[in-house]
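A closer look at the structure
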Amino acid sequence: MRIVVIGGSGRIGSYLVPRLVRAGHDVVSVSRGTSSPFVAAIEWDDVEVVTADREREDAVGEFVPRIRSLEPEVVVDLLCFTPESARRLVDGVRGEVEHLVHCGSIWRYGPSLSSPIREGAGTPPLGDYGVQKQAIAELMRAETAGGGLVTTVIDPGQIVGPGWTPIGPLGNRDPHAWQKLSAGEVLDIPGSGAEHLHHVHADDVAQVFQRAIDDRDASGGEDFHAVSTTALSAAGLAHHAARWFGREARLRSVGWDRFRELTTAPLASSSWEHLRRNHVISTEKSERVLGYQPRYSPEAALLESVRWLIDSGELDVPSPLIM
Ligand SMILES: NC(=O)c1ccc[n+]([C@@H]2O[C@H](COP(=O)([O-])OP(=O)(O)OC[C@H]3O[C@@H](n4cnc5c(N)ncnc54)[C@H](OP(=O)(O)O)[C@@H]3O)[C@@H](O)[C@H]2O)c1
């Protein structure tokens, strides 16, 4: 099939595009051309790379005609954040494209009331990003249920992989957390440390997309989670990470007010946004309907990511990894 991937050189696309090429598809990756894929892969030699700025072209009505002109059978949209942008794409490719696979987010759900959260069964979203992602998911479902374009929504958790800094045990990207765990120092953790984060390796996210594309009959009109089969609490993540350095985690629970004094406002805000949701997300439907089999536990994905940070000189730690 001819597949256009919008935002194909990012975290997900770096794994998805080579997967689709290996599966024999004719793949086009659309991006501004300012970033390179996170992992080098020979399959990129067979990819048609199209340079376009969606925001700029969307503003003047040129983006969707461009996508249509590429004559895709499947469009994978990794770069859609508003219902207006989603609506333009859906209206513009209806009748031309067989399947639109949209990337959502588990932040379409608000704080957990019961776990694991099944597809569509979370609390209402908090904040603009989640509200828009939920509205897009509803738009896609209604489009397909109404007999229009066949769509699928895939909702990843916190994406991890080599090439970027992952969300760590404090619910943010603060490198000091890894450094303190590596040194065996006390780490001040906001709240009790019992709140969960639901990570996923980027290649496992790509696996869900690939399986949804492969089985349009099963995935059409549906949404699927893309997360690891288990989720780590903040404290659990810290305990795993300390052991990578041959240490035991020494955690001190501090109140949120104190935590905010101990860090910067952006880091405190990131922690609050991740931890207050306390997400544990179900993969049952992705496994049952699509045959999803994640290759990574969250701790294995995070270890790979932290190893990359250390090896590439992005993170200085006082003690080396022992595994
Ligand atoms: N990151 C997470 O933890 C996470 C979690 C849940 C859901 N998501 C969802 O995942 C999707 C993002 O996927 P990702 O994390 O793989 O993306 P990413 O790593 O941020 O990469 C973004 C991709 O889009 C391209 N791009 C950015 N702005 C563009 C523009 N204006 N016009 C054209 N191309 C543009 C980038 O290439 P250029 O820079 O070269 O243009 C790159 O290929 C979003 O829908 C997000 O809501 C992410």
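The structure displayed is predicted, hence computed values, not measured ones. (Residues numbered from 1 in each chain as written. Predicted model: local features only at pLDDT ≥ 70, side-chain atom pairs only at ≥ 80, totals over all residues.)

Within the span of helix α9 (residues 234–244), buried status applies to Ala234, Leu237, Ala238, Ala241, Ala242 and Trp244. Down the axis of α9, the smallest arc covering the buried residues is 145°, so these residues share one side. At the exit of α9 stands Gly246, carrying a positive phi of roughly 75°. (Buried ≥ 20, exposed ≤ 12 C-beta atoms within 10 Å, placed from the backbone. Helix = DSSP H or I, 4+ residues; strand = E, 2+ residues; numbered from the N terminus. Arc of directions from axis to C-beta.)

We now examine unusual backbone geometry. When glycine is set aside, most residues are seen to have a negative phi, and most peptide bonds are trans. Here the bond from Ser115 into Pro116 is cis, since omega is -5°, no more than 30 degrees from zero. Along the chain, Pro116 falls in the loop between β5 (99–103) and α5 (127–145). In this structure, Glu71 is a non-glycine residue whose phi angle is positive, near 55°. Secondary-structure assignment places Glu71 in the loop between α3 (63–69) and β4 (74–77). Even without a glycine there, the phi angle at Asn278 is positive, about 50°. Mapped onto the secondary structure, Asn278 falls in the loop between α11 (265–277) and α12 (284–290). Asn278 sits in the buried class, given 21 other C-beta atoms within 10 Å.

Counting residues in hydrophobic clusters, the biggest one holds 80 residues, and the most contacted among them are Val5, Phe209 and Ala238. If one sorts the elements of this core by residue count, helix α7 (residues 202–214) sits on top with seven residues. In this structure, this core is formed jointly by two domains, domain 1 (2–159 + 199–226) and domain 2 (163–197 + 232–278 + 298–311), each of which donates at least three residues. If sequence neighbours within four positions are ignored, Phe209 has contacts with Leu16, Val76, Val101 and Ile154. (Core = buried A, V, L, I, M, F, W, Y, C linked by C-beta atoms within 7 Å. Domains from an automatic or database assignment. Contact = placed C-beta atoms within 7 Å.)

A separate point is the UniProt feature "domain: NAD-dependent epimerase/dehydratase" (unreviewed entry) in the protein chain. When the UniProt feature table is mapped to this numbering, "domain: NAD-dependent epimerase/dehydratase" (unreviewed entry) covers residues 3–223. The annotated region residues 3–223 carries 36% helix and 20% strand content, and the separation between its end C-alpha atoms amounts to 19 Å. (UniProt positions renumbered as here; feature names shortened; annotations may be inferred.)

For any two helices packed against each other, the geometry comes down to the angle between their axes and how far apart the axes lie. Where helix α4 (residues 83–93) meets α5, the axes come as close as 9 Å, and the angle between the chain directions of the two elements is 25°. Classified by the angle their axes make, α4 and α5 are roughly parallel. In this structure, α4 crosses over α5, and the sense of that crossing is right-handed. Touching Pro83, Ala86, Arg87 and Val90 of α4 are Gln132, Ala135, Ile136, Leu139 and Glu143, all from α5. Broken down by class, the residue content of the contact of α4 with α5 amounts to six nonpolar, one polar and two charged. (Axes fitted to C-alpha atoms, helices over the stretch in contact; angles between N-to-C directions. Parallel < 35°, antiparallel > 145°, perpendicular 65-115°, else oblique. Left-handed = near helix turned anticlockwise from the far one by under 90°. Nonpolar A, V, L, I, M, F, W, Y, C, P; charged D, E, K, R; others polar.)

With that settled, the discussion passes to the packing of helix α1 (residues 13–22) against α7. Running from amino to carboxyl end, α1 crosses α7 at an angle of 45°, the nearest separation of the two axes being 8 Å. One way to sum up the angle between α1 and α7 is to call them oblique. Read as a crossing pair, α1 and α7 show a hand that is right-handed. Residue-level contacts link Ser14, Tyr15, Leu16, Arg19 and Leu20 of α1 to Ala202, Asp203, Ala206, Phe209 and Gln210 of α7. Looking at the contact of α1 with α7, its residues break down into six nonpolar, two polar and two charged.

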